[in-house]
Amino acid sequence: GNGNGNGNGNKNSQSGQGLEKKEVMLSQDNAKSIELPTLGELGKVCDDLGITRAKTLLSPVWFSTSSTSGEVVNGLEHLPKERPLIIVANHQTLAVDLGFLISGLLEEGGILARGLAHPSIFQEESTTNAGMRGLFTNFGAVPVTPRNMFKLLKNDEVILLFPGGAREALKQKDEEYKLFWPEEQEFVRIAAKFNATIVPLSGVGIDDSMDIVASGNELLDFPFVGNFLKESMENVKTVREDETLLFPLARPRSLNRLYFKFGQPITLSDSIVNDKEKCQEIYQKAKRGVEDGISYLKEKRAQDPYKDVIPRVLYEQNSKKKAPTFKANK
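These numbers come from a predicted model, not from an experiment. (Residues numbered from 1 in each chain as written. Predicted model: local features only at pLDDT ≥ 70, side-chain atom pairs only at ≥ 80, totals over all residues. Heavy atoms only, no water.)

Peer 1: Can you help me understand the overall build of the protein chain in this one?
Peer 2: Secondary structure assignment for the protein chain yields eleven helices and eleven strands. The proportion of buried residues among the 330 residues of the protein chain is 54%. Restricting to contacts in the protein chain with at least 6 residues of sequence separation, those with at least 24 account for 82%. (Helix = DSSP H or I, 4+ residues; strand = E, 2+ residues; numbered from the N terminus. Buried < 20%, exposed > 50% of the residue type's maximum accessible area, 1.4 Å probe, protein only. Contact = heavy atoms within 4.5 Å.)

What follows is the structure in structure tokens.
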């Protein structure tokens, strides 16, 4: 297979079929194409990580936006078919939504999104998001390096990128749905070389479902605990100089429904590769697309008759179907 995410999810495949074809992506620069996993394989990984059970409580729903009219619809019909495709998204607290994103795109759209992940995920001794290592490595994630991005774009893949990185995932108090993107981003220029399409993706539901009791930085100041944590972090790879790769102490507040919205696609051309201003303009446009999507979902979810967990779970248990949500175009 060419791993370009154009498959249909292969719904008739038997569980485990094709496992011997899979490659686990652990090296720093390893961005080969991989087979589109079968739904059986996907199901097994989701079961092992607890994502299947969590889905019954959080019932994720998807929306997409027309590239021409800007109309928002329920479902993924407006997700661009062009390849290569870069999905740029916000990280929610603790990156809890990652599993729902990767598995949801495979199930709903037959799309294998290749995550550009923080290098610490690929370190066996690292505890940073260790639970997600299986999902990421099974489905072809690679460490976030320009070289890996270049290879994936060259292979016409679908890339999942979080410009806010670990800082955005490891939120502190009162930072719900806040973006921590760097001032400028190289990814637009690299993407333009391959005439790629960028699509903003906004996720809502996790950040306001938990309270941050103490941030990673605050934990480092705790007596005894702080020294132990500092030692455990010594060999963990970082991407930014100011990164503290330490999970905050969080407690659950509510079981919110998860909402994901793809914004209007942005088509790139290789004619802008050396135009720094144009690349920066597109970067800001993508960031605005993510922010606008977050605002849209936060406002519209109030109209969801099944936004609360008890009516939602009862409906889904009785009907054996996903609970409906708000109508996107109303």
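There's more to say after this.
Peer 1: How should I be thinking about the layout of surface pockets in this particular structure?
Peer 2: Its boundaries defined by the atoms lining it, the second largest pocket holds a volume of some 310 Å³. The wall of the second largest pocket is formed by 17 residues, among which Leu58, Val96, Ile206, Met210 and Leu255 lie closest to the centre. With three residues, helix H2 (residues 51–58) is the largest single contributor of residues to the lining of the second largest pocket. (1 Å grid on protein atoms, 1.4 Å probe; cavity = no way out; pocket = protein on both sides within 12 Å on 5 of 7 lines; lining within 4 Å. Points joined across faces, edges and corners; volume = space filled by probe spheres on them.)

Peer 1: In this structure, what is going on with the nonpolar core? I would like to understand it.
Peer 2: A general feature of soluble globular proteins is that nonpolar side chains tend to end up buried together. Phe63, Ile86, Val88, Met149, Phe187, Ile198 and Leu268 are the most contacted members of the largest nonpolar core, which totals 39 residues. Contributing elements (two or more residues each) for this core: strand S1 (61–65), strand S3 (85–89), helix H5 (146–154), strand S6 (158–161), helix H7 (187–193), strand S7 (197–204) and helix H10 (276–300). When residues of this core are assigned to their parent elements, the largest contribution, eight residues, is made by H10. Beyond its immediate chain neighbours, meaning those up to four positions away, Phe187 contacts Val88, Met149, Leu161, Pro163, Ile198 and Tyr283. (Core = buried A, V, L, I, M, F, W, Y, C linked by side-chain atoms within 4.5 Å.)

Peer 1: What am I meant to see in the packing of aromatic side chains here?
Peer 2: By convention here, two paired aromatic rings are described through the distance between centres and the angle between planes. Within the structure shown, the criterion is met by nine aromatic pairs. On the numbers, 5.8 Å between centres and 75° between planes, the contact of Phe187 with Tyr283 is edge-to-face. Taken as a pair, Phe187 in helix H7 and Tyr283 in helix H10 lie far apart in primary sequence, 96 residues in all. Residue classification places Tyr283 among the buried positions, given a relative accessible area of 0%. Here the aromatic cluster, defined as three or more aromatic residues joined through ring pairs, consists of Phe63, Tyr259, Tyr296 and Phe326. (Phe/Tyr/Trp six-rings, centres within 6.5 Å; stacked < 30°, edge-to-face > 60°.)

Peer 1: Looking at this structure, I do not really get the pattern of salt bridges. What am I missing?
Peer 2: Close approach of charged atoms allows side chains with opposite charge to pair. As enumerated under the stated definition, the model contains eleven salt bridges in all. Residue Lys44 is joined to Asp48 by a salt bridge in which the shortest nitrogen-to-oxygen separation is 2.9 Å. Linking Lys44 with Asp48, this pair stays in helix H1 (residues 39–49), spanning four residues, or about one helical turn. We note a salt bridge from Arg253 to Glu176, for which the minimum N-O separation is 3.1 Å. A residue pair is termed long-range when its members are at least 10 positions apart, and Arg253 in the loop between strand S9 (249–252) and strand S10 (259–262) and Glu176 in the loop between helix H6 (165–169) and H7 qualify at 77 residues. (Salt bridge = Lys/Arg side-chain N within 4 Å of Asp/Glu carboxyl O.)

Peer 1: Looking at this model, I keep getting lost on H1. Mind explaining?
Peer 2: In an α-helix, one turn spans 3.6 residues, which is why side chains three or four residues apart end up on the same side. Within the sequence span of H1, burial applies to Gly40, Glu41, Leu42, Val45 and Cys46. Two residues or fewer after H1 comes Gly50, characterised by a positive phi angle close to 80°.

Peer 1: Help me understand the side chain of Lys171 in this model?
Peer 2: You can see Lys171 is positioned in the loop between H6 and H7. On the basis of relative accessibility, which here comes to 2%, the residue Lys171 falls in the buried class. Here His91 takes part through its backbone oxygen, which lies 2.7 Å from a polar atom of the side chain of Lys171. (Polar contact = N/O pair within 3.5 Å; in protein donor to acceptor, adjacent residues only side chain to side chain.)

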